[in-house]
Structures are given as structure tokens and as C-alpha cells.
Amino acid sequence: MRAVKGSILLRVFFETADGGYYSPFISDCFELLPIPEFLGRFRKVGLAHAYSYSRIPCRCSSCYLSKYLPSDYVLVGGSSYHVSNVVAHWDPRFDIGVYCDYWRQAGGRIPKSFTNCRGDCYIFFAAGLARYPPKFFNRPRGFTEIRRAFMRAERGIYIVAYMEVDEVVDLTEIATKHNVDVGREGDDRVWEIAAKEYGEEVVMTPHSARGIDLPVVILSERGRYGYLKKPLPLILWSRGRRVLTTYSYLFNIKGFEDRVRHKVFDPARTEQIVDVMVSEGYL
């Protein structure tokens, strides 16, 4: 394996505060529900509707992710919103190899060391997955009913996907370089420049619909991102007990209170992680 500079582990899908439950683990296949985002946050509401759950295809069967949403409301940041007032924060995009976030110094989760990552850094993505009763989502369910089934289900936090970092696009840096006055002009011009320089994939997340939002955009080339062949377990809830796994230490998880939100790994640990994931059939 070529030398690597490092990696990070991020949790980015439905959880108890954002969504209210975990994504479904169906037989040997898992769905990933992007966290919900309140429509009122967007200035470009028409563009935001492009990220409706009813437009995002399922992985495990012929359907759309709206199949797994409640008929009434979900949680966004711990507050309830009717499902008609939310869209999916479809980011990361494992169909096109794009992920947006912010530098840690600006309140995000991308370490500044990723500035110079060009094919030699990794991002691993974690999600909560739960085994709901068979055919549970074959008919509409309310939030309370789903939440109750979730609390009774065998569930866990797993690593589900990865990206190798091939390009790091700092939109704030682009605005400065091209003398774009975002406060006066908005951010459309910045996104247009980024798309022209790095490809249309840059604008294909909800961040471009917010109005004034200049994140860091991570791009990965085809064949260097995607879902794991099988989810890698980190923390499990089984038969009423929580257990750590043989992979917990590898990913610096030391206790059950760890929500696996953000972890940074140096090159030596990253090489160890990748070697294990390849040898054990996850990558």
C-alpha cells in the first residue's frame, strides 16, 4: 500500500437526535438515511426540494428512502418537524464521490492537515444500523411506532463507507482568490467557479442550496469511494447488552459513551486500519 498521510472517522447519518432512530439493516443489506434538514434553513427552496427523500433511491430494493421515514414527524437537532418540512442532507454522496464539511477551526470536522491531501488520505463514515422486524417498513409507520421498534431492536454503530481524498476544494479560498463579495453577491458565483474548475459534482449537495454557505468540498475519483462490502461493527446492542467489538480499539473507541462523532488517525494507524479492512474483506 502506498504511504498515507492520515484519516478521519465521521458519523453522518440518522441517529437519535437527528432523525430519531437508526437506518435499517435488512438481512445482509443496509440502507443509509441522510440526516434530515429543516426546509426553513434554505434560501434556495426550489433547489433544496431536489434532496427530498422521495427522490433518493434505496440500496436494498426498488424504492426510495421516503419508505423509511415516519408518516408524521422526525427529529432535527432534537426538535420535531413534520416530514413535509424536511429534506435529506444528502451528503456524503457515495454515488458520485463528494462530501462537504468545514475546517475544524471553523466549527467543522475536517482537520487542517487535509489541506494537502491528494490521494493519500482517507475518510471513513459511520452510521447507526438497526434490525427492525421483518417487513416492518412495508406500510407507513408513525415516529413513535418506529422509535419503539428501534429501541427494542438489535442495533449498533458500524463503519459503512469510505472515501479516498483526491481533491480538497476550499470555497472560502476560491471566494478570496476571485474577489467575490459574498455578503453583497451571495455565494452563487463561488459555486459556479468551483464547478467550472473541479466539475459539476461540487455543487451536488444541499450546501449549495442554503444561500450563503462556503464549505470545504472533498472529491474522490471513481473506484476510490463507496460502501463497504459489509458493515464493520464498532459498538453493538445485542440482547439488551452493549458490547464493544474487536475493532473498537483499532478505531480508538474506549467506552460505550463514545458516540463516534469524529476521530483523527495518524499515518501509522491509518495504514493499520486499511490493512485490517482489506485482509478481513471490508474493502
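Residues numbered from 1 in each chain as written. Predicted model: local features only at pLDDT ≥ 70, side-chain atom pairs only at ≥ 80, totals over all residues. Heavy atoms only, no water.

(A) Just the side chain of Asp120, in detail. Within the secondary structure, Asp120 is located in the loop between β8 (98-101) and β9 (121-131). Within the local environment of Asp120, its side chain forms a polar contact with the backbone nitrogen of Arg118, the two atoms lying 3.2 Å apart. (Helix = DSSP H or I, 4+ residues; strand = E, 2+ residues; numbered from the N terminus. Polar contact = N/O pair within 3.5 Å; in protein donor to acceptor, adjacent residues only side chain to side chain.)

(B) Region of the structure containing helix α5 (residues 188-198). When α5 is considered as a whole, its buried residues turn out to be Val190, Trp191, Ile193, Ala194 and Ala195. Looking at the buried positions of α5, the neighbouring elements they touch are β11 (167-170), α3 (171-177), α4 (182-185) and β12 (216-219). Looking at the residues trailing α5, positive phi occurs at Gly199, about 110°. (Buried < 20%, exposed > 50% of the residue type's maximum accessible area, 1.4 Å probe, protein only. Contact = heavy atoms within 4.5 Å.)

(C) The nonpolar core, seen in detail. The biggest cluster of nonpolar side chains holds 52 residues, and the ones touching the most others in it are Phe124, Tyr132, Leu234 and Phe251. Going through the elements one at a time, β5 (73-76), β7 (86-88), β9, α2 (143-152), β10 (154-164), β13 (225-238) and α6 (267-279) are the ones with two or more residues in this core. Other than its neighbours up to four places away in sequence, Phe251 contacts Leu9, Phe124, Ile159, Leu232, Leu234, Lys263, Phe265, Ile273 and Met277. Judged by nonpolar contacts, the second largest core, of 27 residues, contains Phe30, Leu32, Tyr158 and Tyr225. (Core = buried A, V, L, I, M, F, W, Y, C linked by side-chain atoms within 4.5 Å.)

(D) The packing of aromatic side chains, seen in detail. Scanning the model with the defined rule gives 21 aromatic pairs in all. With a centroid separation of 5.1 Å and 70° between ring planes, the pair formed by Phe14 and Tyr21 is classed as edge-to-face. Both residues of the pair, Phe14 and Tyr21, belong to the buried class. Relative to Phe125, the ring of Tyr99 lies with its centre 5.2 Å away and its plane at 75°, an arrangement referred to as edge-to-face. In this pair, Tyr99 sits in strand β8 while Phe125 sits in strand β9, placing the two residues 26 residues apart along the sequence. A relative accessible area of 0% means that Phe125 is categorised as buried. Put simply, the rings of Phe13, Phe30, Phe94, Tyr99, Phe125 and Tyr227 touch in pairs and so form one group of aromatic residues. (Phe/Tyr/Trp six-rings, centres within 6.5 Å; stacked < 30°, edge-to-face > 60°.)

(E) Representation of the state of the cysteines within the structure. Overall, the coordinates contain three disulfides when judged by the stated rule. When the bonded cysteines of the protein are counted from the start of the sequence, the pairing works out to 1-3, 2-4, 5-6. Of all cysteine sulfurs in the structure, the one in Cys117 sits closest to Cys100, which takes part in no disulfide; the separation is 16 Å. (Disulfide = S-S within 2.5 Å.)

(F) Highlighting the sheet that holds β12. Here three strands make up an open sheet; going across it, the order is β8-β12-β11 and the pairing antiparallel. With one partner strand each, in any of the chains shown, β8 and β11 form the two edges of the open sheet. Across the sheet, the axes of successive neighbouring strands diverge by a mean angle of 20°, strand direction being ignored. By the bridge criterion, four bridges tie β11 to β12 in an arrangement that is antiparallel. When the sheet's bridge partners are listed, Val168 is paired in β12 with Ile218. (Pairing = 2+ DSSP bridges. Axes fitted to C-alpha atoms, helices over the stretch in contact; angles between N-to-C directions.)

(G) Quick peek at the pattern of salt bridges. Tallied over the entire structure, the rule returns 19 salt bridges. Its salt-bridge partner being Glu37, residue Arg41 comes within 3.3 Å of it at the nearest N-O pair. Among the ionic pairs, Lys263 bridges to Asp258, the shortest N-O distance being 2.7 Å. Take Lys263 and Asp258: they sit in the same class, and that class is buried. A network of salt bridges, in which partner residues are shared, links Glu37, Arg41, Arg210 and Asp213. (Salt bridge = Lys/Arg side-chain N within 4 Å of Asp/Glu carboxyl O.)

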